[in-house]
Amino acid sequence: MTAEVADVRRSVAQLKALVAQAQADSVDWTADDVAAWTAEHFGGGRVAVACSMAGDTVVPHLIAEHLPGVHVLFLQTGYHFAETIETRDALARAAAVTIVDVLPKLTVVEQDAQYGAKLHDRDPSLCCAMRKVDPINSTLAGYEAWVTGVRREDNVLRAHTPLVEWDEGHQMVKINPIAAWSFHELLDYATTHQVPVNPLLTQGYPSIGCAPCTRAVAPGEDPRAGRWAGLNKTECGLHVAADDDTTEVETTFVSALQTFNLTAGLGSVETSPIDQPADVVATSSTSGSGSTEATAATSGRRLSQLKELESEAIHIIREAVTELERPVLLFSGGKDSVVMLHLAAKAFWPAPVPFPVLHVDTGHNFPEVIAYRDAEVARVGVRLVVAKVQDYIDDGRLIERPDGTRNPLQTQPLLDAIADGRFDAVFGGGRRDEEKARAKERVVSLRDEFGQWDPRNQRPELWNLYNPRHRAGEHVRVFPLSNWTELDVWRYIQAEQIELPAMYYAHEREVFNRDGMWLAVGEFSQPKPTEPVEVRTVRYRTVGDMSCTGAIDSDSATVADVLAEVAATRITERGATRADDRLTEAAMEDRKKEGYF
Ligand code: SF4
C-alpha cells in the first residue's frame, strides 16, 4: 500500500531537541519504554519501522503495541524468497501494523528489458542501488523518525548503539529499541508474543536478502558469507541508506567511526595523551598511509606517529585484500594478532572483515587465551579456522618432540591449512623489532610452493609499493605491523582501549625457573625435580605454547604500567620469553625458511 505520512514535518532543531532529551532520559529505558516514547512523539504517521522480515519482525510488533497501525517499510525488490514474503504476510496478521511495500521504479521485467537479465550477477551494486537504496531513501524522506532492529551484539562496531539517535544522513530521528537485547531476548519476545520470524533463519540462512544473492552458510561460516557469495560485495555500500536485512545507515557508520576512533581513510585526527604529533609531516611520509595522508596533506595537519602506523597498516591490509583473492589472518589471541584484527575491522567497516582468521593450535595453550580467542572471534564476527597440531600427532604425521615443545611443530599444520583453504595471502603479526629474522623480512613476503621463505631472494619494497605477485601454489605473507615496535603496540592498545587476555597483566601464578625464564606450572609444563615451584607476581609479554613461553616478574597491572615497563626494557619480548627462539642463533630464521610464520 502507499504510505500516508504526517502533513507538517517538525524542524531539524525540534527533532534534535527531542533526541537530546530522550538520550538524557533513556538511561534505564527498556525496549517497551522506547516504544512508548516513540508512540508519544511520533504518532500520526511520523514514524516508520524498517523491517527485512527476517528476525527483526519483533520490532514492528513491539512498536505496534503502543502505536497500532504503524507503517512497516518492506523493501520489495521483486527477488525475495517465498518464505520472506510469507513472513511479511504473517506479520501483517499477527501484529497491528500497516505493511508498506517499498517498490523500485522498475519492475524486474522492466529492469531486465533495460539492463539485461540477471543484473544482480553482473552489477549487483547498480541492482541494489535501483531496487533498495533509492526506494528506501525517497520513502524515508516522508517521515520524521524511523525504527530499526539494530542490536549492540550484532558486531563490535554496533556495540555503542544508542536507543535514540540523530540520523545525520537522513536528517531524521533514528530509534533502536532493541539495541540492548541479546539474540535470546529477541527469541523470547518472538515466542512469548507469537511473532512470526523467517523460517529460513533455522535453515542455514542467518542473513537473508534477495534469493539470487543469498545462499545458505555452513556451520561456523561467517553469517554473512552467504550474501553476494563469490562477488566482491558484502553490503549495499557505504552510502546506502538501508540494507534489506541490516537496516544499516550512514549514521551508524558515522557514530561507529566516532566510537572506534576510525581515522584511517577519513582524515580525522585525534590525539590521545600519549599520541603526540610525530616529527615527520604527513605529506613527506613514505609510510604509504594512503588517503589519510592525502587529507592531512591538504589540511596541513600532522599525523601523530601512532596514527601514521595505523594508517600504514590499514593501507597494507586493504592493498592485500584488493590484490589477492583469498586472504586469511593468523590469530592466536596474542596482542599483535588482536591489534591486527582490530585494524582489519577498521579497514573495512561497515562491511565485515572480508576474510577468516586462522589459529594454529599447538594443544598446549593457556586456557584463558583460547577462551579469549573464541570470545573475540564471536565479538568481531569473523570465521575461525583452527589447524590442530594434536591431530597430526594423533595420526602420526608429526612426532612429539622429546622436550615436549610444540611451537616448532606448527609449520606443517599451518602450511596444510593454507593449502586446504587456498589462501594466497596470510596476514601475520610479525614486527621487525622482535627478532633478527623478522627484521630481514619484507612487508609482503613471497613463500614458494612448499611454503618456504628464501631470505636471499626478497623483492624490493620502495615507498609503499608492495609486490604480491605469485604463481599458482605460492602465497605471500603480509605483515602490516612490520614497522611497529612492542611499545607502539602497547601505545595503540591504550589509545584504542583494546582488551587483551588477562595474562598480559600482573597476576600471581605458580612458576618454576628454567634457563632464566619463569614457566607456568600446568598440564603441559611440569618442573623437573631440580626446579622448585614458586608463586610469583608475573605477566606475559607474548602468548605461545605453554611449554616454552615464559613469564616475567612484573607488577604491571594496567596498560599504563606495562607501557612504563616496556619503555624501560632492553630485551625484546621474544628474546626474553620464548625458549624456542633460544635454541640456536638463527632459530627463528630456520623455522621461517621452512614455512613458519
Ligand atoms: Fe539486486 Fe541482489 Fe541487491 Fe537484491 S540483493 S537488489 S537481487 S543485487
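Residues numbered from 1 in each chain as written. Predicted model: local features only at pLDDT ≥ 70, side-chain atom pairs only at ≥ 80, totals over all residues. Heavy atoms only, no water.

Before going further, it helps to examine the overall build of the protein. Assigned secondary structure in the protein consists of 20 helices and 16 strands. Of all 597 residues assigned to the protein, the portion counted as buried reaches 55%. Counted over contacts in the protein with a minimum sequence separation of 6, partners at least 24 positions apart contribute 70%. When the accessible surface of the protein is split by element, carbon and sulfur atoms take 52% of a total near 25,400 Å². (Helix = DSSP H or I, 4+ residues; strand = E, 2+ residues; numbered from the N terminus. Buried < 20%, exposed > 50% of the residue type's maximum accessible area, 1.4 Å probe, protein only. Contact = heavy atoms within 4.5 Å. Areas by Shrake-Rupley, 256 points an atom, 1.4 Å probe, with all protein chains shown as cover.)

As a matter of local geometry, the ligand sits amid Y79, H120, P124, C127, C128, R131, K132, C210, C213 and W228. Per element, the largest residue contribution to the shell around the ligand is five residues, and it comes from helix α7 (residues 124-140). Split into classes, the residues belonging to the shell around the ligand amount to seven nonpolar, one polar and two charged. (Near = heavy atom within 4 Å. Nonpolar A, V, L, I, M, F, W, Y, C, P; charged D, E, K, R; others polar.)

What follows is about the pairing of strand β9 (residues 384-388). What you see with β9 is a clean split: V385 and A387 sit on the buried side and L384, V386 and K388 on the side with no burial. Direction of pairing for strand β8 (residues 357-361) relative to β9: parallel, over a ladder of five bridges. The residue bridging V357 from the neighbouring strand is L384, located in β9. Considered for its hand, the β-α-β crossover made up of β8, helix α13 (residues 367-380) and β9 is right-handed. (Pairing = 2+ DSSP bridges. Right-handed = clockwise from strand over helix to strand, strands pointing away.)

All chains considered together, the criterion is met by ten aromatic pairs. Seen in terms of ring centroids, F81 and Y205 are 5.4 Å apart; in terms of plane orientation they differ by 65°. Their pairing is edge-to-face. Highlighted residues: F81 in the loop between β2 (70-75) and α4 (82-94) and Y205 in the loop between α8 (183-192) and α9 (250-259), separated in sequence by 124 residues. Here F81 and Y205 have matching classes, each one buried. Ring centres of F366 and Y540 lie 4.8 Å apart, and the angle between their planes is 65°; this geometry places the pair in the edge-to-face category. Residue F366 is found in the loop between β8 and α13, and its partner Y540 is found in strand β15 (residues 533-540); the two are separated by 174 residues along the sequence. Y540 carries the same exposure label as F366, and that label is buried. Here R397 stacks its cationic end above the ring of Y392, 3.7 Å away from the centre of that ring. (Phe/Tyr/Trp six-rings, centres within 6.5 Å; stacked < 30°, edge-to-face > 60°. Lys NZ or Arg CZ within 6 Å of the ring centre and 35° of its normal.)

We now examine the sheet that holds strand β4 (residues 145-147). Reading across the sheet, the six strands line up as β3-β2-β1-β4-β6-β5 and stay open at both edges, with mixed pairing between neighbours. Strands with a single pairing partner mark the edges of an open sheet, and in this sheet they are β3 (97-102) and β5 (164-167). Between one strand and the next, the sheet's axes are offset by a mean angle of 30°, whatever the strand orientation. Here β2 pairs with β3 via six bridges, running parallel. (Axes fitted to C-alpha atoms, helices over the stretch in contact; angles between N-to-C directions.)

A word on the confidence of the model for the protein. Residues shown with low pLDDT carry predicted positions that ought not to be read at fine detail. When pLDDT is averaged along the protein, the result is 82; 81% of the residues meet or exceed 70. Note on residues 237-301: pLDDT is under 50 here. Beyond four places in sequence and across chains, it has 160 contacts. (pLDDT = per-residue confidence, 0-100.)

Looking now at the nonpolar core. Ranked by internal contacts, the top residues of the largest apolar core, which has 58 residues, are V339, L343, W484, W490 and I493. If one sorts the elements of this core by residue count, helix α12 (residues 335-348) sits on top with nine residues. Apart from the residues within four sequence positions on either side, W484 is in contact with L309, E310, A313, V339, L343, R431, D433, V489 and Y492. Residues A39, F42, L62 and I178 belong to the second largest nonpolar core, which totals 41 residues. (Core = buried A, V, L, I, M, F, W, Y, C linked by side-chain atoms within 4.5 Å.)

It is worth spelling out the sheet that holds strand β10 (residues 425-427) at this point. Judged by pairing direction, the sheet is mixed, and its six strands sit side by side in the order β9-β8-β7-β10-β12-β11 without closing on themselves. Both edges of this open sheet fall to β9 and β11 (444-447), since each of them pairs with a single strand only. Averaged over all neighbouring strand pairs, the angle between strand axes comes to 30°, with direction disregarded. The pairing of β11 with strand β12 (residues 475-478) spans four bridges and is classified as antiparallel. Each residue of the ladder has a partner; that of S445, found in β12, is R477. The strands touched by helix α11 (residues 305-323) are β7 (327-330), β10 and β12; relative to β10, the strand with the most contacts, the crossing angle is about 160°.

Turning next to the side chain of E474. Its location among the elements puts E474 in the loop between β11 and β12. For E474, a relative accessible area of 9% corresponds to the buried category. Of the polar contacts made by the side chain of E474, one reaches the backbone nitrogen of R471; its length is 2.7 Å. Setting aside residues no more than four positions away along its own chain, E474 makes contact with L446, R447, D448 and E449. (Polar contact = N/O pair within 3.5 Å; in protein donor to acceptor, adjacent residues only side chain to side chain.)

Further remarks concern a nonpolar patch on the surface. On the surface, L462, W463 and L465 cluster together into a nonpolar patch covering about 370 Å² of accessible area. Owing to a relative accessible area of 60%, W463 belongs among the exposed residues under this scheme. (Patch = residues over 30% accessible without salt bridge, like charges linked within 9 Å, V, L, I, M, F, W, Y side chains within 5 Å. Salt bridge = Lys/Arg side-chain N within 4 Å of Asp/Glu carboxyl O.)

Bringing the pattern of salt bridges into the picture now. One pass over the structure, following the stated rule, counts 25 salt bridges. A salt bridge links E376 to R379, with the shortest nitrogen-to-oxygen separation between them at 2.8 Å. On the criterion of helical spacing, the pair formed by E376 and R379 is a turn pair, its members being three residues apart in helix α13. Residue R379 is classed as partly exposed on the basis of its relative accessible area of 41%. In this structure, R541 and E486 form a salt bridge, with 2.6 Å as the shortest nitrogen-oxygen distance. With a gap of 55 residues between them, R541 in the loop between β15 and β16 (551-553) and E486 in helix α17 (residues 486-496) connect regions that are remote in the sequence. On the basis of relative accessibility, which here comes to 4%, the residue R541 falls in the buried class. If you follow the salt bridges from partner to partner, you end up with K307, E310, K346 and E496 in one network.

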